Amino acid sequence: MTQIRLTNTRTRRKEDFVPIDPANVRLYLCGPTVYDRAHLGNARPVLVFDLLVRLLRHEYGDRAVTYVRNFTDVDDKINAEAQRRRAAGSDLSLEALIAERTEETIGWYHADMDALGALRPDHEPRATAYVGQMVAMTADLIAKGHAYEAEGHVLFDVRSFPDYGQLSGRSVDDMIAGARVEVAPFKRDPMDFVLWKPSSDDLPGWDSPWGRGRPGWHIECSAMSAALLGPHFDIHGGGIDLQFPHHENEIAQSCCAHPQAGFANVWLHNEMLQVEGKKMSKSLGNFFTVRDLLDRGVPGEVIRFVMLSTHYRKPMDWTETKAQEAEAVLRRWHGLVAGIEPATSPAPALIEALADDLNAAGAIAVLHDLAGREDAAGLLASARMLGLLLPGMGEWAQADGEAAGQIEALLAARLAARQARDFGRADAIRDGFAAAGVEVKDTAQGPEWSLAAGFNPARLADLARTHGT
Ligand code: AMP
Ligand code: ZN
């Protein structure tokens, strides 16, 4: 068995991973707020955890890992979209419109993450299904002296938890100085945060001891993780932007509600994704969703490969060049493993790399090495450990066989056109190749062709049809 080592944000050290119960290793990843399509950055924590889960299952057994990722379906943006649909003339109730919006978003999320080869978690709790547990936890925190009610709100009293700020390594006073905190007259301390807040009549709400209202965001994850994994579990993660305040607040709530339990042992945070060196943002015009990329013909497997090529604790830069390089590599590997059965186990060097704080770039270097030695069976077994070259994944690359036939036929048509001095037609075929991403070189031995990174099978098929081949 290989010792897994992970960098724990809580201790700021790379540590040996020792599960609480090796027969049931438990992880929680903060999931999406389901108001719209996932953007490319949202895919990063999903792929990091997917890799971690695959590694843990390899080490501890398929049935010895429980992976939970929630859906946040209590949110102002979801409400706003539902209200917009009502205003636009829908005769459904606000609740029905909210359900409609979250259902469609969850459907998109599943389709998009499936396309990246990410395994579905064992549990995908929706916040709205756990409001009872959130109310109970909030009441318990009041009873234990860690929260108080004020004007229909319930607030967590950060001064009642001496460890507050430990995850981010900052004191409460530093945080107040640095953070944009919502000042409200009813807060005892500006850092106190909402566990429960009132709902107006035109918004969804639940009955509670403090009147009709809805839960704050942070209590959702504390309540759902406790319900599905228990108050003490192994690994909790998300993007580094969640470290403060979201994770800090989750720790405060969970540790105060279950003082003997300790909450998550390891905190794992991925750094952020950028695009072509810039923060992804709508105003810079470089914002796109996973679906935008898939629709542009970038295979999910290529997105996955590019994401895994940068260590999760480093900022990663998505570039068009990286996507093209990844596509060329995967195309070659798919060719190499066609019709081959995988070896019985992945290369030990690959597991070593992954066990060293999920060094996926190191793991990919092992794949290059196997491919270089033409060890197709080893390559296949090892790539699958990374969620690459999975059965059914390479359809985009398999188009090559069909493409080869079309290209050969078009080259024959071009030769015939030249011989018939129909240069217009010969040139049209040449231009069509370029537009479809097929590179043709005329050599003394005849034409040689290769598929460029931007190869477009549909255009090639059109070209083949136009020229009657
Ligand atoms: P959200 O729906 O905004 O709460 O985000 C869902 C997940 O995506 C969280 O784990 C975030 O930390 C993560 N995330 C959001 N933006 C990025 C980004 N640009 N790069 C990496 N992770 C991100
Ligand atoms: Zn969370």
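Residues numbered from 1 in each chain as written. Chains lettered and ligands numbered in written order. Predicted model: local features only at pLDDT ≥ 70, side-chain atom pairs only at ≥ 80, totals over all residues. Heavy atoms only, no water.

Novice: A description of the coordination of the zinc ion (ligand 2) should follow, citing residues and the corresponding values.
Specialist: For the zinc ion (ligand 2), every protein donor is listed as Cys 30 (SG), Cys 221 (SG), His 246 (NE2) and Glu 250 (OE), and the spread of their distances is 2.0 to 2.4 Å. In this structure, the zinc ion (ligand 2) is coordinated by 4 donor atoms arranged in irregular fashion, with angles at the metal of 76 to 128°. Along the chain, the residues that donate to the zinc ion (ligand 2) are spaced as C-x190-C-x24-H-x3-E. With Cys 221 in helix H6 (residues 217-229) and His 246 in helix H7 (residues 243-257), the pair connects residues that are 25 residues apart, well separated along the chain. A single burial state applies to Cys 221 and to His 246, both of which are buried. (Donors = N, O, S within 2.8 Å, 3.2 Å for Na, K, Ca; no water. Tetrahedral: all angles 85-135°; square planar, octahedral: opposite > 155°, others 65-115°. Helix = DSSP H or I, 4+ residues; strand = E, 2+ residues; numbered from the N terminus. Buried < 20%, exposed > 50% of the residue type's maximum accessible area, 1.4 Å probe, protein only.)

Novice: How would you sum up the site of ligand 1? Please name residues and give values.
Specialist: Near ligand 1 you find 15 residues, and of these Gly 41, Asn 42, Gly 239, Asp 241 and Leu 273 are the closest. Within the side chain of Asn 42, a nitrogen or oxygen atom sits 3.1 Å from an oxygen atom of ligand 1. Calculation on ligand 1 without its partners gives an accessible area of 490 Å², and the protein chains cover 84% of this total. Each residue belonging to the shell around ligand 1 can be placed in one class, and the counts come to 6 nonpolar, 7 polar and 2 charged. (Near = heavy atom within 4 Å. Polar contact = N/O pair within 3.5 Å; in protein donor to acceptor, adjacent residues only side chain to side chain. Areas by Shrake-Rupley, 256 points an atom, 1.4 Å probe, with all protein chains shown as cover. Nonpolar A, V, L, I, M, F, W, Y, C, P; charged D, E, K, R; others polar.)

Novice: Can you lay out the layout of surface pockets for me, pointing to particular residues and giving the numbers?
Specialist: The space that makes up the second largest pocket amounts to roughly 320 Å³. The leading source of residues in the lining of the second largest pocket is helix H10 (residues 320-337), at 5 residues. Each of domain 2 (294-395) and domain 3 (399-466) contributes no fewer than three residues to the lining of the second largest pocket. (1 Å grid on protein atoms, 1.4 Å probe; cavity = no way out; pocket = protein on both sides within 12 Å on 5 of 7 lines; lining within 4 Å. Points joined across faces, edges and corners; volume = space filled by probe spheres on them. Domains from an automatic or database assignment.)

Novice: Break down helix H3 (residues 94-115) for me, with residues and values.
Specialist: Helix length check: H3, at 22 residues, gives a terminal C-alpha distance of 32 Å against a target of 32 Å (1.5 Å per residue), a fit within 8%. Structurally, H3 contributes buried residues whose contacts are with helix H1 (43-60), strand S4 (65-69), helix H2 (76-87) and helix H8 (290-295). (Expected span 1.5 Å × (residues − 1). Contact = heavy atoms within 4.5 Å.)

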